[in-house]
Amino acid sequence: MFGFLLGEALRDLRRAGRVAVSAVALITLSLAALGSFWLVSENLGRAVAEWRDRVRIIVYLKREPASGDVASLVERVRAMPGVASVRFVGKGEALETLRAVLGKDAKVAAELPSNPLPASLEVTPAAAAATTEGARRLLERLGALPEAEEVAGSVDWVERLAQWQRLLATIGLGIGAVLAVAAMLTVTTATTLVLHARRHETEIMRLVGAPEFVVRSPLLLQGLMQGLCGAVLALVALVAGYHVLAPRLEPLINLTLGLPRLAFLPTPDVAALLIAGTLLGGLGGWLARGRREP
Amino acid sequence: MVELHRVCKVYAVGAVKVPALSDVSFRVAKGEIVLVTGASGAGKTTLLRLLYRDELPTEGEVEVLGRAVTTLHGSQVAALRRSIGIVFQDAKLLPGRTVYENIAFVLRVLGAPRRDITQRVFEALRTVGLSSRARAYPAQLSQGEAQRVALARAIVRKPALLLADEPTGNLDDAMAAEIVDVIKDIWAGGTTVVLATHQARLVEGLRRRTLTLEGGRLVKDEG
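Residues numbered from 1 in each chain as written. Chains lettered and ligands numbered in written order. Predicted model: local features only at pLDDT ≥ 70, side-chain atom pairs only at ≥ 80, totals over all residues.

### Some words on the interface of chain A and chain B
Think of interface size as the accessible area that goes away when the parts come together; that is how it is often given.
Consideration 1: Listed as interface residues are 14 residues of chain A and, on the opposing side, 17 residues of chain B.
Consideration 2: Looking at which element gives the most residues to the side of chain A that touches chain B, the answer is helix H8 (residues 199-207) of chain A, with 6 residues.
Consideration 3: Across the side of chain A that touches chain B, the residue classes break down as 9 nonpolar, 2 polar and 3 charged. (Contact = placed C-beta atoms within 7 Å. Helix = DSSP H or I, 4+ residues; strand = E, 2+ residues; numbered from the N terminus. Nonpolar A, V, L, I, M, F, W, Y, C, P; charged D, E, K, R; others polar.)

Take a look at the structure:
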């Protein structure tokens with residue numbers, strides 16, 4: 001029976017002709033647009049996550065604590081909410097780091113009468129604290145330490161990146177939704193034409209007492225097929241676009257965002273895109289069927 | 001098999017009420033062949049549409065194959081129609097399908113096993129004398145042949161009741177006689193037949209029980 005219904009649906013698609021092709025093209029366009037924004041948003045999300053991992057807050061200390069007090073100070077800071085890890089950087093280590101940074105100019109540091117660099121604590125915020133609000137509270141807590149001279153560090157720009165990511169995802173969703181509605185209406189139009197072309201079959205089916213699901217299934221199936229076809233084409237376009245553009249964009253992305261490689265959509269997202277397209281087409285077919293119910 | 005009790009049918013056209021049937025009562029026994037005759041607009045088609053539940057009566061009771069059709073809903077209507085074969089003046093063949101496919105179509109939509117379909121289609125085609133035209137398309141058939149295919153499609157499910165609404169209305173006398181012969185064969189096979197026609201010659205030729213409608217009223221039940 002399913003083979004017969006599928007055959008009827010394919011016959012209907014041939015009847016719908018150009019309108020069915022337009023519907024498939026619109027579904028392809030809407031899902032490709034949605035998928036493109038999704039892809040950019042996914043990669044921005046990875047960049048945000050990576051940069052959140054790299055966020056450090058430096059607590060400059062008034063004076064270098066005695067070696068016996070370092071462990072307890074580090075332990076006290078680690079116990080604070082929103083702190084993932086703490087590392088003590090002594091004055092000596094800070095000077096060594098400066099020398100390493102200066103490279104061939106390191107002898108300038110040797111001419112200093114004394115080590116001017118303060119000891120510090122390098123604090124890595126926990127993921128929950130790596131937001132504007134979380135970081136602000138952590139900065140307040142660290143600034144309140146009696147040993148703290150000054151606290152430096154901010155997550156504002158990471159937050160801005162995250163905001164861009166959310167904005168892109170929203171724009172993508174908006175454009176995708178508008179195109180999806182257009183695609184759905186085109187499928188509805190195609191199915192309405194099919195419904196007209198199919199009226200003799202429908203009449204015969206009803207007269208001989210065919211179950212209602214048999215009368216309706218070909219319309220729903222041809223909508224689902226248009227949707228799946230559009231989704232597969234959108235996926236092919238996305239894969240092709242990714243393979244063409246990713247190698248060209250990666251050096252720039254690495255330089256600006258520190259992402260060495262652009263990733264394609266993960267498998268669950270690809271599956272979601274295919275399912276969304278299929279359901280979109282099915283909904284179009286179902287809506288047309290509902291309007292023309294005798 | 002079929003029973004109508006004080007049936008009235010009124011169509012509402014805007015504010016205007018158009019009576020199609022008035023106080024019609026009769027019974028058709030199992031295995032009987034009954035002609036329904038009357039001038040155009042007498043109510044023959046409305047009467048048949050009530051029998052396959054395409055219309056509901058405004059008043060009265062309609063019972064077909066032991067079911068009160070006014071109380072049927074959705075799948076019950078479909079179940080009733082699976083026991084009824086219907087033929088119209090227009091053969092209503094699907095133009096893009098061959099004779100074989102047109103008949104097989106009804107078996108396929110009803111979920112008949114694939115292995116039975118060919119056998120049953122050719123059996124129906126033999127009954128109407130068209131086995132050799134299985135591969136022809138409707139456009140390649142004469143009107144008489146098309147009507148015989150419609151009959152084959154109606155009987156392929158071996159219905160208990162055959163309703164024929166002016167099946168010879170578009171045919172010349174020779175073709176009409178062929179169709180009547182086929183219908184008589186179907187009836188002889190045990191199927192109850194209700195045949196609506198306005199052709200007096202056909203009624204005289206058949207010499208069977210005849211219900212005569214005039215202006216929606218049953219004025220004669222004889223034979």
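### What to know about the environment of B:Leu110
Consideration 1: Checked against the element boundaries, B:Leu110 lands in the loop between helix H3 (99-109) and helix H4 (114-128).
Consideration 2: The exposure class assigned to B:Leu110 is partly exposed, which follows from the 18 C-beta atoms found within 10 Å.
Consideration 3: Beyond its immediate sequence surroundings of up to four residues, B:Leu110 is in contact with A:Val208, A:Ala210, B:Arg82 and B:Arg157. (Buried ≥ 20, exposed ≤ 12 C-beta atoms within 10 Å, placed from the backbone.)

### Regarding helix H1 (residues 2-16) of chain A
Residues and elements named next belong to chain A.
Consideration 1: Across its 15 residues, H1 extends 21 Å between first and last C-alpha, which sits within 8% of the 21 Å expected from 1.5 Å per residue.
Consideration 2: Where H1 is concerned, the buried positions are Glu-8, Ala-9, Asp-12, Leu-13 and Ala-16. For H1, the angular spread of buried residues about the axis comes to 145 degrees, placing them on one side. Along H1, exposed side chains directed more than 90 degrees from the buried face belong to Gly-3 and Arg-14.
Consideration 3: Within two residues after H1, Gly-17 carries a phi angle of roughly 55 degrees, on the positive side. (Expected span 1.5 Å × (residues − 1). Arc of directions from axis to C-beta.)

### Things to note about the confidence of the model for chain B
Where the model shows low pLDDT, its predicted coordinates should not be examined in detail.
Consideration 1: Averaged over all residues, the pLDDT of chain B equals 91, while 100% of them reach at least 70.
Consideration 2: For this predicted complex, the interface score ipTM comes out at 0.87, while the overall pTM is 0.68. (pLDDT = per-residue confidence, 0-100.)

### Digging into helix H3 (residues 67-78) of chain A
Consideration 1: Taking 1.5 Å per residue as the helical rise, H3(A) with its 12 residues ought to reach 16 Å, and the 18 Å between its terminal C-alpha atoms agrees with that figure.
Consideration 2: The element H3(A) is largely exposed, with a buried count of 1 among its 12 residues.

### Examining the sheet that holds strand E1 (residues 2-13) of chain B
Residue and element names in this part refer to chain B.
Consideration 1: Judged by pairing direction, the sheet is antiparallel, and its 4 strands sit side by side in the order E2-E1-E4-E5 without closing on themselves. The open sheet has two free edges, formed respectively by strand E2 (16-28) and strand E5 (67-68), since each of these has just one partner strand.
Consideration 2: Of the strand pairs in this sheet, E1 and strand E4 (residues 59-64) are connected by 5 bridges, and their pairing is antiparallel. Bridge pairing in E4 places Leu-4 opposite Val-62. (Pairing = 2+ DSSP bridges.)

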